[in-house]
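Remarks on the overall topology
Each chain, letter by letter, is given below.
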Amino acid sequence: MTIHAEVIGDPIAQSKSPAIHGFWIEKLGLEADYRAEHVTPDALEDYLASRREDPDWRGCNVTMPHKQAIMPLLDWLEPLAKQVGAVNTVVKASDGKLVGRNTDVAGFLEPLAERLRNQHYFRMARVLGTGGAARAIVAGLAKEGFTLVLAGRNLDKARDLLTELAEGEHHAAPLSHFAEETDFAFDDREGCCDLVVNASPLGMRGQPPLAFDWSHAPPGSIAYDIVTDPLDTPFLQNARNAGFETIDGLAMLIGQAAAAFTHFFGVEPPREHDAELRERLSP
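Let me sum up the structure you'll find in this document. (Residues numbered from 1 in each chain as written. Predicted model: local features only at pLDDT ≥ 70, side-chain atom pairs only at ≥ 80, totals over all residues. Heavy atoms only, no water.)

Things to note about the side chain of Arg135
Checked against the element boundaries, Arg135 lands in helix α6 (residues 132–143). On the basis of relative accessibility, which here comes to 13%, the residue Arg135 falls in the buried class. Setting aside chain neighbours within four positions, we find Arg135 in contact with Gln68, Gln83, Val84, Gly85, Leu161, Glu164 and Leu165. (Helix = DSSP H or I, 4+ residues; strand = E, 2+ residues; numbered from the N terminus. Buried < 20%, exposed > 50% of the residue type's maximum accessible area, 1.4 Å probe, protein only. Contact = heavy atoms within 4.5 Å.)

This is the structure in C-alpha cells:
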C-alpha cells in the first residue's frame, strides 16, 4: 500500500493542500499520496480511531473547525501547539502515537525570515483579527520581539489573547479604529520593522472587505494578508497603491505545508520550484 497523508475539515473542498503536497510528491517521485477528507465535528473521534489502525497513514493537516477540538483526542502535544492552543498538523509517530503540532507559526514567519535575521531598533505589528489564525500569528510575532497592536471587534477578546500569548507591553484596539483616516505623525522609522497583518477572514471571497485606511501604517510597513481566495485582496491592492510592500496568503500556506510535508514523508519539499507551484495554485 502507498503511504499517505491528508487534510481534514468541514468544509474541505476549497483546500489547496492536496495541490501543494501533490506537487511536491510529483517533483520528488515519491510513492505517496495526499488527499482531502471531509470530516464533520461529530465524526472526528471515529476518524482518528480509524487512522490509528491504518499502517500507511502518516498524519493529517487540520483545518477549521477542528484545530482546537482535536487536541484532547491526541496522545501528545508539542509545546508550541499547547501555547498557541491549536493544532494544524497531526503526525503518527513510530510508536503509533498521534502527535499534535502547529506549523502555522513557522509558515507565517517564513517569508519574513530574511528581514528578521537583521537587527532592528524597534519591531511593531498591527494584527487585525482575533480568531484562530491570529493566535498563531500573535505567538510567532511576540517570540520575534514585536510590540503588538491587536485589533478586533471584541476588545476584551483581543486583550485576553494578548495576555495569554504575548509577554510584555502590547495593546488592544477596536477594529473600527483603523477604518478611518488618521493624521498621526509617525516618527522616523529607519531601522524599524513594521507590519500590518490581516489575520481575519475579511476580504475572503464571500466576505466583506477589511476596512483599513493606510494612513495608520508607518512608512516602510509591510502589508501581509493571510487570505488565499482571492489571492490579491483589496487589502493588498490598497497597500500597493499606498506604496507599501505586500506578502500574500500563499506565502504562509506554502510555508506551513512545507513543515508538515517533512513530518509526514521524512524529506524536505523541493522549494526551488516555488514559482511553478504558485503558478499552479493561482487562478
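Picking up after the structure, the text goes on.
A look at the layout of surface pockets
Any space left empty among the atoms is revealed by the rolling of a water-sized probe across them. What the largest pocket holds in volume is close to 1200 Å³. What lines the largest pocket is a set of 37 residues, among which Met64, Lys67, Ala133, Met204 and Ile226 lie closest to the centre. Secondary-structure elements contributing two or more residues to the lining of the largest pocket are β3 (57–62), α6 and α9 (249–265). Partitioning the lining of the largest pocket into residue classes produces 13 nonpolar, 17 polar and 7 charged. Along its surface, the second largest pocket is lined by 13 residues, and Met124, Arg126, Phe184, Phe186 and His216 are the ones closest to its centre. A breakdown of the residues in the lining of the second largest pocket according to their chemical character gives 6 nonpolar, 4 polar and 3 charged. (1 Å grid on protein atoms, 1.4 Å probe; cavity = no way out; pocket = protein on both sides within 12 Å on 5 of 7 lines; lining within 4 Å. Points joined across faces, edges and corners; volume = space filled by probe spheres on them. Nonpolar A, V, L, I, M, F, W, Y, C, P; charged D, E, K, R; others polar.)

Brief notes about empty space enclosed by the protein
Under the defined criterion, the tally for this structure stands at 1 cavity of 30 Å³ or more. Space inside the largest cavity adds up to approximately 30 Å³. Considering the residues around the largest cavity, the lining is formed by Asn198, Leu202, Gly203, Pro209, Leu210, Asp225, Thr233, Pro234 and Phe235. Each residue belonging to the lining of the largest cavity can be placed in one class, and the counts come to 5 nonpolar, 3 polar and 1 charged.

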